[in-house]
Amino acid sequence: EDRFTAGGLANEKRRQDRKLSLLTMHPSEGEVSHLHKVMMDAARQAEGPSIASTLLQATCLMQPQERNRSGKIFGGFLMREAYELAYTTASAFC
């Protein structure tokens, strides 16, 4: 019987959490104001390059071994290239 009671309480807590979720209701005026203040304080204290100045681009010539069966570039290869470019950008500016 304790399991049923605990399950019922957990279910009720899930329902309450769902009602208060940001997915179903907008933040209050006070929350919006607080978030804006935190964001502005962080922006004033930010040091280092702007995001726009950290742009890196790469051009790669794809070889036949990087194709899949339908003749298109293999997605895993593209993901690896994107990851390596992101790592290079982060290493250069952080």
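The structure under discussion appears in the preceding block.
Right, let's walk through the structure included here. (Residues numbered from 1 in each chain as written. Predicted model: local features only at pLDDT ≥ 70, side-chain atom pairs only at ≥ 80, totals over all residues. Heavy atoms only, no water.)

1. Some thoughts on the pattern of salt bridges
Now for step 1: Enumeration according to the criterion identifies six salt bridges in this entry.
Now for step 2: The residue Lys37 makes a salt bridge to Asp41 at a minimum N-O spacing of 3.1 Å. Taken together, the residues span about one helical turn, with Lys37 and Asp41 both in helix α2 (residues 29–45) at a distance of four residues.
Now for step 3: For Asp41, a relative accessible area of 27% puts it in the partly exposed group.
Now for step 4: Its salt-bridge partner being Glu81, residue Arg80 comes within 3.7 Å of it at the nearest N-O pair.
Now for step 5: If you follow the salt bridges from partner to partner, you end up with Lys37, Asp41 and Arg44 in one network. (Salt bridge = Lys/Arg side-chain N within 4 Å of Asp/Glu carboxyl O. Helix = DSSP H or I, 4+ residues; strand = E, 2+ residues; numbered from the N terminus. Buried < 20%, exposed > 50% of the residue type's maximum accessible area, 1.4 Å probe, protein only.)

2. A few points about the environment of Leu85
Now for step 1: Tracing the chain through its elements places Leu85 in helix α3 (residues 75–93).
Now for step 2: Residue Leu85 is classed as partly exposed on the basis of its relative accessible area, which comes to 28%.
Now for step 3: The contacts of Leu85, once residues within four sequence positions are left out, are Leu56 and Ala58. (Contact = heavy atoms within 4.5 Å.)

3. Some remarks on the side chain of Thr54
Now for step 1: With respect to the helices, strands and loops of the structure, Thr54 is situated in the loop between α2 and α3.
Now for step 2: The exposure class of Thr54 is buried, given its relative accessible area of 18%.
Now for step 3: Excluding residues within four positions of it along the chain, Thr54 makes contact with Pro49, Thr89 and Phe93.

4. With respect to the side chain of Glu66
Now for step 1: On the secondary structure map, Glu66 appears in the loop between α2 and α3.
Now for step 2: Buried and without a salt bridge, Glu66 has Arg80 as its closest oppositely charged side chain, separated by 5.9 Å.
Now for step 3: Setting aside its immediate chain neighbours within four residues, Glu66 contacts Lys72, Ile73, Phe74 and Phe77. (Lys, Arg positive; Asp, Glu negative; His and termini not counted.)

5. Focus on the environment of Ala6
Now for step 1: Take Ala6: it is sitting in helix α1 (residues 2–20).
Now for step 2: Take Ala6: its relative accessible area is 45%, and that puts it in the partly exposed class.
Now for step 3: Sequence separation between Ala6 and Leu78 is 72 residues; the distance between their C-alpha atoms is 48 Å.

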